[in-house]
Amino acid sequence: MDQKHIWKLVDELRSKKIDMKGKDFLLTWERSRDEIDATFLVADVLRAMREANISPKIWDSGIAVSNFRDNSTRTRFSYASACDLLGLYVQDLDEGKSQIAHGETVRETATMISFLTEAIGIRDDMYLGEGDTYQREVGKSLDEAVKAGVLPDRPTIVNLQSDIDHPTQAMADFLHLAHHFGGIDKLKGKKIAMTWAYSPSYGKPLSVPQGIIGLASRFGMEISLAHPEGYDLIPDVVELSKKQAAASGGSFAHVHSMEEAFKGADIVYPKSWAPYDVMQKRVPLLKAGDQAGLKELEKSALANNARFKDWECDEKKMTITTAGKGLYMHCLPADITDVSCKAGEVAATVFDRYRDDTYREAGYKPYIIAAMILLGKKKDAAATLSRLIERAHGRSVD
Amino acid sequence: MDQKHIWKLVDELRSKKIDMKGKDFLLTWERSRDEIDATFLVADVLRAMREANISPKIWDSGIAVSNFRDNSTRTRFSYASACDLLGLYVQDLDEGKSQIAHGETVRETATMISFLTEAIGIRDDMYLGEGDTYQREVGKSLDEAVKAGVLPDRPTIVNLQSDIDHPTQAMADFLHLAHHFGGIDKLKGKKIAMTWAYSPSYGKPLSVPQGIIGLASRFGMEISLAHPEGYDLIPDVVELSKKQAAASGGSFAHVHSMEEAFKGADIVYPKSWAPYDVMQKRVPLLKAGDQAGLKELEKSALANNARFKDWECDEKKMTITTAGKGLYMHCLPADITDVSCKAGEVAATVFDRYRDDTYREAGYKPYIIAAMILLGKKKDAAATLSRLIERAHGRSVD
Amino acid sequence: MDQKHIWKLVDELRSKKIDMKGKDFLLTWERSRDEIDATFLVADVLRAMREANISPKIWDSGIAVSNFRDNSTRTRFSYASACDLLGLYVQDLDEGKSQIAHGETVRETATMISFLTEAIGIRDDMYLGEGDTYQREVGKSLDEAVKAGVLPDRPTIVNLQSDIDHPTQAMADFLHLAHHFGGIDKLKGKKIAMTWAYSPSYGKPLSVPQGIIGLASRFGMEISLAHPEGYDLIPDVVELSKKQAAASGGSFAHVHSMEEAFKGADIVYPKSWAPYDVMQKRVPLLKAGDQAGLKELEKSALANNARFKDWECDEKKMTITTAGKGLYMHCLPADITDVSCKAGEVAATVFDRYRDDTYREAGYKPYIIAAMILLGKKKDAAATLSRLIERAHGRSVD
């Protein structure tokens, strides 16, 4: 990618009205359309700079806290890659999975880890009703510490997956779509099927499908949400997505089969998630450390799951997508039938055909995270990027 | 903070007689008063540089070993932040909590981790009589490896808490006091109450109170040490503090109640610690892995602790400090009554009033650690800092 | 070391015919003699640059994955030091010890961790027949991802110990020998004894002795391999070493006692390893998680080991080496009689005399690893090094 192209993106960025400095990136629907677009643009610029061997290192030193309250390899790598690209040093904060801290402890820890910190990435998706709340509590603590003059500067928080949204995933997914279809504006009128799919596991967070409908509904797309009875998402998020879809000139249909959703779809996103009520029942059990209760819940949830093994993205269902060539998406890892399990979310031949697409999709995440950090810390992102490009410092000596 | 102020600090640093290069920072009382003051000055310069967006990055590459033989989140973050600020990459050495290596193993490990290493931070505070010994053994191994030409350069050791002293904590505490009272010389004649406080836990190291009296006694302060019978500190450290207090024109009183200590105190530091004899009994039990013995010791220690629940820093006791406004200090986290426990070291309203002060206190630690590393590695710290300031490389691109 | 000397090394490097970019460093015998020599030269240049305070930092940002599927402190530190020296940020990939992933999982993980990655270091030595296979599978996955345009660039893989070879160890060992004897060409005709030695443990990988004979046989050395009956190495590696020895003008003798091997040896490398058939039996037991079977195997293996306690490198055996002063080598940690165990690989007095030599030997490893990464990523290493030297950026501000 040549420098001319990079400057074109920076110019486009300059035209966006944004107010992101000092704000946290927790839910895409808290950000204006210009701010969403700006995030895509910054991600594209950072990627283009790296590929043209122009270092986007903003910081000479600075800490990026990595707070994963649930397992993760891929998002951890994306976050570390993003922070390193900008010059930040990742320091893990291991609070353990079970402990849900509130009040004094959150306030104090948030401050103690932030004296020389620029960004805090948090994954907290296990407890419905708690992950987003926790992230906001950390944010409020930082505000107070800055106000009291205890911190010289406010770190920006990036939601690396909460109970409500998974914005780094959804934004990477849609940056992939923008590149695939030739621009984010090309998504207008496209049909996307966000559907539940069978998996021989249970308890997967709702935040991926919620993130997808919450973001797809900003671009005038025709959204089709499908899942078996009982596998509802958080009602407020569905309501919000409906409103957003209407406002953006798109539509939102809540349908009852994968087939209905796939019919004429340009994009399909078949993915397992736990039923809303199972997730609700799980929280008090997890809090109480009730292993027997959790085992019992898992057993009944898996038994219920098994009734819907036909919710598989197979070749037959793919034929009813647009021209039989709808774009398959997944946040990975997918449960692939006869590969990673006996019966799963997707048939092996379908996955095979779209493997590279899903890899490409994942490849946007580090840049999306880096863009969120940059925008949360620098008022005039276009100016900052311009300085970096003009500095013309190579990322690598050849 | 403007550059003029920074240069004033560097000039002041230039006037100090120091001989710290190649030495380890293990106990504050091994350092001359000029060296203590130089450490404060370097910390202040580094902080001022960072806040004026002048990068204090000394190293382009280099390893900083982090060897925590006891749990820690805050000191870990402080150490990582300090190292990153100077350009060092933190590499954890996990030797586990239980294993106390000596002889061949220490010598070999110390060398193997040091080929490209600039600093080694060690926390080893669980075993009375062993932490400081271990740190010195590592130091001796490094000396030998340098002498044999095996290492090109000697890494500097920073004591991140031993059984005897906690110099990064004590130094941060006193840099906070210097800023609070308008200069380290303003501490002369001020009364500081280092007192035991009740906590529903046991086995907390003695190194914090020892570090405080060992350092407070350098500045001509009126020290009042208070604790219930049996909660003695290491006798040698108390003796040394008495001598230092006398030599510096201050005083040292060993009193028997929190009230006596608080009376007319300008500064109060109420904090729980384990009784000396309990810590002594604990070492062979820990070494033998005698879980039953440890459980028994804990039970009796907690029962004994419970006799002293009135050793709480409450509103009533605060009224007898100077003008009822003595400065409350704590190394955090504090056991706050009705917040983190039913009965603790400090009343919630007292802690609330001083929360931001304790946060500010903690905020000096990364800079103190960075100063110790810089002084342990660079002969003429003022010259090094001058080069960094004149280089005028921004820490962050705006 | 002065710059003139550094430039001489770079000039020598320029004369080597190499084709290492985009290739992985898995087995030394896959690399031509020029490529082996080039690796030594780059390591020497990097070390000389660092010691002359010329920063060899090639990358301003970039990830180096650290994938240790077996415990390690020293190689971890060497890898981290090497990566940091070049400017790469180490990110751990913890897949756990037991899980041997293949197929889809390897392909996907390899891609997911590589979007912004320059190097991948892998230690996988526990499973005979699997470690090298796994590393090649990762490499193939990376090739496919680059071909599909999913990755912008191919990370280079460094074998940090497989079931077959331990090239970073063997190369560091021989760079040490080159310095000790005044040049790699001085090794021609020198006798090296690679012999088994007794240790009160079992299951140590075969890759160290295999790496040593696989590399020693490139330089025209007289190799003497000795071990008790049953302690064979992988037959293919022994065969290959014999052929290489003949081709390079050296010799390869398979003898039956430590004494026979030591006789007239210029270099001795006494080290414990597990019998080939025990390693073979171990794989299915490990895979099945058969703890009882593993216990049983350990018991019989240790009993068998105990028959060979006289395979100790003691003072008496050292007297029969060349002039009684053969150079003792070990990859460390050694099992030292009466120090780390009651009866071990080496007598305490022998080890004492050569301790600093073994430390020096280990000190080459970070530079060997850095050289492998540089050569795997930069086509014209001499040109890259020239740019770094001419840039003359100090590693440390004085």
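Thresholds, definitions, all that
Residues numbered from 1 in each chain as written. Chains lettered and ligands numbered in written order. Predicted model: local features only at pLDDT ≥ 70, side-chain atom pairs only at ≥ 80, totals over all residues. Helix = DSSP H or I, 4+ residues; strand = E, 2+ residues; numbered from the N terminus. Buried ≥ 20, exposed ≤ 12 C-beta atoms within 10 Å, placed from the backbone. Contact = placed C-beta atoms within 7 Å. Expected span 1.5 Å × (residues − 1). Bend = angle between axes of the 7 residues up to and from the residue. pLDDT = per-residue confidence, 0-100. Nonpolar A, V, L, I, M, F, W, Y, C, P; charged D, E, K, R; others polar. Domains from an automatic or database assignment. Least-squares fit on C-alpha atoms with pLDDT ≥ 70 in both. Pairing = 2+ DSSP bridges. Right-handed = clockwise from strand over helix to strand, strands pointing away. Axes fitted to C-alpha atoms, helices over the stretch in contact; angles between N-to-C directions. Parallel < 35°, antiparallel > 145°, perpendicular 65-115°, else oblique. Left-handed = near helix turned anticlockwise from the far one by under 90°.

Colleague: Sorry if this is basic, but what is going on with the overall build of chain A here?
Modeller: In terms of regular secondary structure, chain A is built from 15 helices and nine strands. In terms of principal-axis extent, the alpha carbons of chain A reach across some 55 × 50 × 45 Å. Classification of the 398 residues of chain A by burial places 58% in the buried group. Expressed as a percentage of contacts within chain A between residues at least 6 apart in sequence, the contacts between residues at least 24 apart total 84%.

Colleague: Is there a simple way to explain helix H13 (residues 348-363) of chain C in this structure?
Modeller: Since the α-helix turns once every 3.6 residues, residues separated by three or four places project in the same direction. Residues and elements named next belong to chain C. Here H13 contains 16 residues, and its C-alpha end-to-end distance of 22 Å stays within 8% of the 22 Å for a straight helix at 1.5 Å per residue. Along its length, H13 reaches its greatest deviation from straightness, about 55°, at Tyr354. Among the residues making up H13, those that are buried are Val350, Phe351, Tyr354, Arg355, Thr358, Tyr359, Arg360, Glu361, Ala362 and Gly363.

Colleague: Help me understand the confidence of the model for chain A, please; the structure alone is not making it clear to me.
Modeller: One rule of thumb: low pLDDT means the predicted coordinates there are not for detailed reading. For chain A, the average pLDDT comes to 95, and 98% of its residues sit at 70 or higher. With pTM at 0.97, the complex prediction returns an ipTM value of 0.95.

Colleague: Sorry if this is basic, but what is going on with the interface of chain A and chain C here?
Modeller: It is common to give the size of an interface as the accessible area that goes away when the parts come together. If you look at the interface, chain A gives 27 residues, while chain C gives 23 residues. For the side of chain A that touches chain C, the secondary structure elements donating two or more residues are helix H3 (74-86) and helix H13 (348-363) of chain A. The element that contributes the greatest number of residues to the side of chain A that touches chain C is H3 of chain A, accounting for six residues. Here the residues of the side of chain A that touches chain C sort into 11 nonpolar, eight polar and eight charged.

Colleague: Explain the domain arrangement of chain A to me, please; I cannot follow it from the model alone.
Modeller: Residues and elements named next belong to chain A. Split into domains, chain A comes out as domain 1 (3-165 + 365-391) and domain 2 (172-362). A straight line from the C-alpha centre of domain 1 to that of domain 2 covers 26 Å. Of all the secondary structure elements, the ones that give two or more residues to the side of domain 1 that touches domain 2 are helix H2 (33-51), strand S4 (156-162) and helix H14 (365-377).

Colleague: Whenever I open this one, the relation of the copies chain B and chain A confuses me. Can you help?
Modeller: One chain copy maps onto the other through a rotation about an axis and a shift parallel to that axis. For the pair chain B and chain A, the relating rotation is 120°, the translation along its axis is 0.0 Å, and the fit reaches an RMSD of 0.0 Å. Both copies are brought into coincidence by an operation consistent with a three-fold rotation axis. Among all residues of chain B, the minimum C-alpha distance to the rotation axis is found for Tyr89 of chain B, at 4.9 Å.

Colleague: What am I meant to see in the interface of chain B and chain A here?
Modeller: The interface of chain B with chain A comprises 27 residues on the first partner and 23 residues on the second. Among the elements that make up the side of chain B that touches chain A, the one with the highest residue count is helix H3 (residues 74-86) of chain B (six residues). Of the residues that constitute the side of chain B that touches chain A, the class distribution is 11 nonpolar, eight polar and eight charged.

Colleague: Where do I start with the pairing of strand S5 (residues 191-196) of chain C in this structure?
Modeller: Each regular strand carries side chains that alternate between the two faces of the sheet. Residue and element names in this part refer to chain C. Most of S5 sits out of view: six of its six residues are buried. Residues of S5 alternate between two faces, with Lys191, Ala193 and Thr195 on one and Ile192, Met194 and Trp196 on the opposite face, all of them buried. Both S5 and strand S6 (residues 222-226) contribute to a ladder of five bridges, which runs parallel. Of the residues in S6, the one forming a bridge with Lys191 is Glu222. You can see the chain leave S5, run along helix H7 (residues 207-216) and come back into S6, and the turn it takes is right-handed. Strand direction decides the pairing type here: S5 and strand S8 (residues 267-271), joined by five bridges, are parallel. Among the inter-strand pairings, Trp196 is bridged to a residue of S8, identified as Lys271.

Colleague: I keep staring at the pairing of strand S7 (residues 251-255) of chain A and nothing clicks. Help me out?
Modeller: Residue and element names in this part refer to chain A. Where strand S6 (residues 222-226) meets S7, five bridges bridge the pair, whose relative direction is parallel. Bridging across to S7, Glu222 finds its partner in Ser251. The β-α-β motif built from S6, the intervening helix H8 (residues 235-247) and the parallel element S7 has right-handed crossover chirality.

Colleague: Would you mind showing me how to read the packing of H7 of chain C against helix H8 (residues 235-247) of chain C here?
Modeller: Each pair of packed helices can be summarised by the angle the axes make with each other and by the distance between the axes. All names here are of chain C. Here H7 crosses H8 at 20°, and the two axes come no closer than 8 Å. Judged by the angle between their axes, H7 and H8 are roughly parallel. In this structure, H7 meets H8 at a crossing whose hand is left-handed. Contacts between H7 and H8 involve Gln210, Ile213 and Gly214 from the first element and Val237, Leu240 and Ser241 from the second.

Colleague: Quick question: what am I supposed to make of unusual backbone geometry here?
Modeller: Excluding glycine, most residues fall at negative phi; most peptide bonds, likewise, are trans. Across the junction of Leu332 of chain B and Pro333 of chain B, the peptide omega takes the value 0°, indicating a cis bond. By the element assignment, Pro333 of chain B lies in the loop between strand S9 (327-328) and helix H13 (348-363). The residue Ala323 of chain C is not glycine, and still its phi comes out positive at about 55°. Here Ala323 of chain C lies in the loop between helix H12 (315-319) and strand S9 (327-328). The class of Ala323 of chain C is exposed, set by 8 C-beta atoms lying within 10 Å.

Colleague: Got a minute to help me understand the sheet that holds strand S3 (residues 117-124) of chain B in this structure?
Modeller: Strands in a sheet are paired, the pairing made by backbone hydrogen bonds, and the direction either parallel or antiparallel. Residues and elements named next belong to chain B. Strands sit in the order S2-S1-S3-S4 across an open sheet of four strands; the sheet is parallel. Each edge of the open sheet is held by one strand with a lone partner, namely strand S2 (89-92) and strand S4 (156-162). The mean angle between the axes of side-by-side strands here comes to 20°, regardless of whether they run parallel or antiparallel. With five bridges joining them, S3 and S4 adopt parallel strand pairing. Following the sheet pairing, Ala119 is matched in S4 by Thr156. Packed on one face of the sheet, helix H5 (residues 131-147) meets S3 and S4 and runs near 170° to S4.

Colleague: Whenever I open this one, the environment of Ile192 of chain B confuses me. Can you help?
Modeller: Residue and element names in this part refer to chain B. Mapped onto the elements of the fold, Ile192 is located in strand S5 (residues 191-196). Measuring from C-alpha to C-alpha, the distance between Ile192 and Gly264 comes to 9.0 Å, with 72 residues separating the pair along the chain. Ile192 has contacts with Ala216, Met221, Ile223, Ala265, Asp266, Ile267 and Tyr269, leaving out every residue within four places of it along the chain.

Colleague: Please clarify how the sheet that holds strand S3 (residues 117-124) of chain C should be interpreted in this entry.
Modeller: Residues and elements named next belong to chain C. The sheet built from four strands is open, its strands ordered S2-S1-S3-S4 with parallel pairing. Unpaired on one side and paired on the other, strand S2 (89-92) and strand S4 (156-162) mark the two borders of the sheet. Direction aside, neighbouring strands of the sheet carry axes that sit 20° apart on average. With four bridges connecting them, strand S1 (residues 63-68) and S2 associate as parallel partners.

Colleague: Explanation requested: the packing of helix H2 (residues 33-51) of chain B against helix H15 (residues 381-391) of chain B in the structure shown.
Modeller: Residue and element names in this part refer to chain B. Two elements in contact, H2 and H15, have axes whose closest approach is 11 Å; the angle formed by their N-to-C orientations is 5°. In terms of their interaxial angle, H2 and H15 are classed as roughly parallel. Contacts from Ala38, Val42, Val45 and Met49 in H2 reach Ala381, Leu385, Leu388 and Ile389 in H15. Of the residues that constitute the contact of H2 with H15, the class distribution is eight nonpolar, no polar and no charged.

Colleague: Even after reading the chapter, I still don't get the environment of Thr156 of chain B, so can you show me in this structure?
Modeller: All names here are of chain B. Inspection of the secondary structure assignment puts Thr156 in strand S4. As a C-alpha pair, Thr156 and Leu375 span 219 residues in sequence and 9.0 Å in three-dimensional space. Setting aside anything within four residues of it in sequence, one finds Thr156 in contact with Asp24, Ala119, Ile373, Gly376 and Lys377.

Colleague: Even after reading the chapter, I still don't get the environment of Val350 of chain A, so can you show me in this structure?
Modeller: Residues and elements named next belong to chain A. Mapped onto the elements of the fold, Val350 is located in helix H13. Through-space distance from the C-alpha of Val350 to that of Tyr328 is 8.2 Å; in sequence the pair is 22 residues apart. In this view, Val350 contacts Cys313, Asp314, Glu315, Met318 and Tyr328; residues no more than four positions away in its chain are not counted.

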